[in-house]
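For reference, the chains in residue letters:
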Amino acid sequence: GSRLSKRKNLARKKYNSGTMGATISHCAEAVNPTDQAAALLPPAAAAAVTPAAPAPAPKVNYMDLPCPVKYEELQREALMSLKPELFEGCRFDFTRPLNQKFSLQHSLFMGSVEVPSQSSQTFKVPAASYEFGANLIDQKGMIIGRLLTDGRMNARIRYDLNDMLSFKMMTQLAEEKSFSQVMFDLDGKGLDWQGQIKLGNGAFYGVNYLQSVTPTLALGGEAFWLGSQRKSGVGFAARHASSSCVATAQIATTGLLSATYVQKVSDKVSLATEFLWNWNSREAQASVGYDYFLRQCRLRGRIDSAGVVAAYLEERVNVGVTFLLSAEVNLP
């Protein structure tokens, strides 16, 4: 009898220990610490502790894409930082507004200018010029004219026919026949595309088109024919633009490959880089630059792989008066 009672007690201990272990293991898998803490809090606090479900990604409406920039303005952010209007010498610009639409401009320049040559060496000659200009700007268009002391006359005309079509004309008259030229542009604009047809002297014909394919990506191409030189070319381009960066790439049958990238660091500072490659001459060039907006001025600069360092300072002194400083150093 005593042996039988001992066996029953031993069986009960094994059963209780096995049940207790199984219960503990089941609780460890089922209880979440976050849910356990939320269960001990009031309903309002429990809602704050409980993690929210991830929001679904917004669907892209491909029938409502943004309108891209013009094809000729594909790299405008990089060009503003990397290719400012550098000059050597002294330059003074003064603009006098007569009313809200019409203004006069006076520009004086004294310094050196580069003379084109067949060799890679740069030749500079001293030069001085005065430029008188008149600007007429309206909501529907603008007329800008310039007259220089060396006999050149430049004019630009733009007129918006409607919300989709606009007309532009650019002309330059000079004593040398080779420097006189005229160009007509017809720009078309849709909800998610922009196109352009170009006609110019020398039997020049051109067309370009840029289409948005996503909210941040636009693809396009261009083609031209220069009848006076029997030359033609076709190019393709891509542009990716977001709120903080802009990246572009271009390739053409003329032998040029171009890529740019602009990063917006803040509302006042942006960094830019550019890479150019000519596969015909097997030459490549890279450059980096910056664009910094201060309280009363704007500072831009760049350095390229050829060892050229440049800086450009633009300060608005008063209404119509701008102070400019330009510097360029070619390091050996």
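Since the structure is predicted, the reported quantities are computational estimates derived from the model, not experimental observations. (Residues numbered from 1 in each chain as written. Predicted model: local features only at pLDDT ≥ 70, side-chain atom pairs only at ≥ 80, totals over all residues. Heavy atoms only, no water.)

Chemist: In this structure, what is going on with the nonpolar core? I would like to understand it.
Modeler: Grouped together as the largest cluster of nonpolar side chains are six residues: Val69, Tyr71, Leu74, Leu210, Ala218 and Ala237. When near neighbours in sequence (up to four residues on either side) are disregarded, alanine 218 contacts Pro68, Leu210, Gln211, Ser212, Val213, Ala237, Ala238 and Arg239. (Core = buried A, V, L, I, M, F, W, Y, C linked by side-chain atoms within 4.5 Å. Buried < 20%, exposed > 50% of the residue type's maximum accessible area, 1.4 Å probe, protein only. Contact = heavy atoms within 4.5 Å.)

Chemist: Would you take a moment to explain the environment of valine 319 for this structure?
Modeler: As for its position among the elements, valine 319 is in the loop between strand S17 (308-318) and strand S18 (321-330). On the basis of relative accessible area, valine 319 is assigned to the exposed category, the value being 66%. Expressed as a C-alpha distance, the spacing of valine 319 and phenylalanine 94, which sit 225 residues apart in the sequence, is 9.1 Å. (Helix = DSSP H or I, 4+ residues; strand = E, 2+ residues; numbered from the N terminus.)

Chemist: Looking at this structure, how should I read empty space enclosed by the protein?
Modeler: In this approach a probe as big as a water molecule rolls over the atoms, and the regions it shows empty are the leftover space. For the coordinates displayed, the defined rule picks out one cavity of 30 Å³ or more. Here the largest cavity defines a volume of roughly 40 Å³. For the largest cavity, the full set of lining residues is Lys70, Tyr71, Asp187, Gly188, Gln194, Gly195, Gln196 and Asn208. For the lining of the largest cavity, the secondary-structure elements that each account for two or more residues are strand S7 (181-189) and strand S8 (193-200). Considering every element that reaches the lining of the largest cavity, the biggest residue donor is S8, with three residues. Partitioned by chemical class, the residues of the lining of the largest cavity number one nonpolar, five polar and two charged. (1 Å grid on protein atoms, 1.4 Å probe; cavity = no way out; pocket = protein on both sides within 12 Å on 5 of 7 lines; lining within 4 Å. Points joined across faces, edges and corners; volume = space filled by probe spheres on them. Nonpolar A, V, L, I, M, F, W, Y, C, P; charged D, E, K, R; others polar.)

Chemist: Mind showing me how you'd approach the pattern of salt bridges here?
Modeler: Between side chains of opposite charge, a pair can form when the charged atoms approach closely. Under the criterion given, the structure shown has 20 salt bridges. For lysine 124, the salt bridge identified is with glutamate 88, shortest N-O distance 2.7 Å. With lysine 124 in strand S3 (residues 123-137) and glutamate 88 in strand S1 (residues 88-97), this residue pair connects regions lying 36 residues apart in the sequence. Look at lysine 124 and you get partly exposed, because its relative accessible area is 45%. We classify glutamate 88 as partly exposed; its relative accessible area is 38%. (Salt bridge = Lys/Arg side-chain N within 4 Å of Asp/Glu carboxyl O.)

Chemist: How should I be thinking about the side chain of threonine 260 in this particular structure?
Modeler: With respect to the helices and strands, the residue threonine 260 is situated in strand S13 (residues 256-264). Given the relative accessible area of 7%, threonine 260 is considered buried. In this structure, threonine 260 is in contact with Gln75, Ala78, Val246, Ala247, Thr248, Thr273 and Glu274, ignoring residues within four places of it in sequence.

Chemist: Help me understand the layout of surface pockets in this model?
Modeler: One number sums up the size of the second largest pocket: a volume of about 630 Å³. What lines the second largest pocket is a set of 29 residues, and nearest its centre among them are Tyr71, Glu222, Gln250, Ala252 and Leu256. Those elements giving two or more residues to the lining of the second largest pocket turn out to be S8, strand S9 (204-212), strand S10 (217-226), strand S11 (231-241), strand S12 (245-252), S13 and strand S14 (269-278). Among the residues forming the lining of the second largest pocket, the class breakdown is 15 nonpolar, ten polar and four charged.

Chemist: Hey, could you run me through the packing of aromatic side chains in this one?
Modeler: Each aromatic ring pair is described using two quantities: the centre-to-centre distance and the angle formed by the ring planes. With the rule as written, the count across this model stands at four aromatic pairs. Summarising the aromatic geometry, the rings of tryptophan 193 and tyrosine 209 are spaced 5.8 Å apart at their centres and angled 25° between planes, so their arrangement reads as stacked. Of this pair, tryptophan 193 sits in strand S8 while tyrosine 209 sits in strand S9; the two residues are 16 residues apart in sequence, bridging distant segments of the chain. Here tyrosine 209 falls in the partly exposed class, since its relative accessible area comes to 37%. Above the ring of phenylalanine 87, the side-chain terminus of arginine 91 is found at 5.6 Å from the ring centroid. (Phe/Tyr/Trp six-rings, centres within 6.5 Å; stacked < 30°, edge-to-face > 60°. Lys NZ or Arg CZ within 6 Å of the ring centre and 35° of its normal.)

Chemist: Looking at this model, I keep getting lost on the pairing of S11. Mind explaining?
Modeler: Residues in a regular strand project their side chains so that they alternate between the two faces of the sheet. In this sheet, S11 lies alongside S10 in antiparallel orientation, the contact comprising ten bridges. Bridge pairing links glycine 220 to alanine 237 in S11. The loop that links S10 with its antiparallel partner S11 comprises four residues; one of these, arginine 230, has a positive phi angle of about 55°. Sheet topology places S11 next to S12; seven bridges connect them, and they run antiparallel. Paired with histidine 240 across the strands is alanine 247, a residue of S12. Where S11 hands over to S12, the hairpin turn is made up of three residues, counted between the paired strands. (Pairing = 2+ DSSP bridges.)

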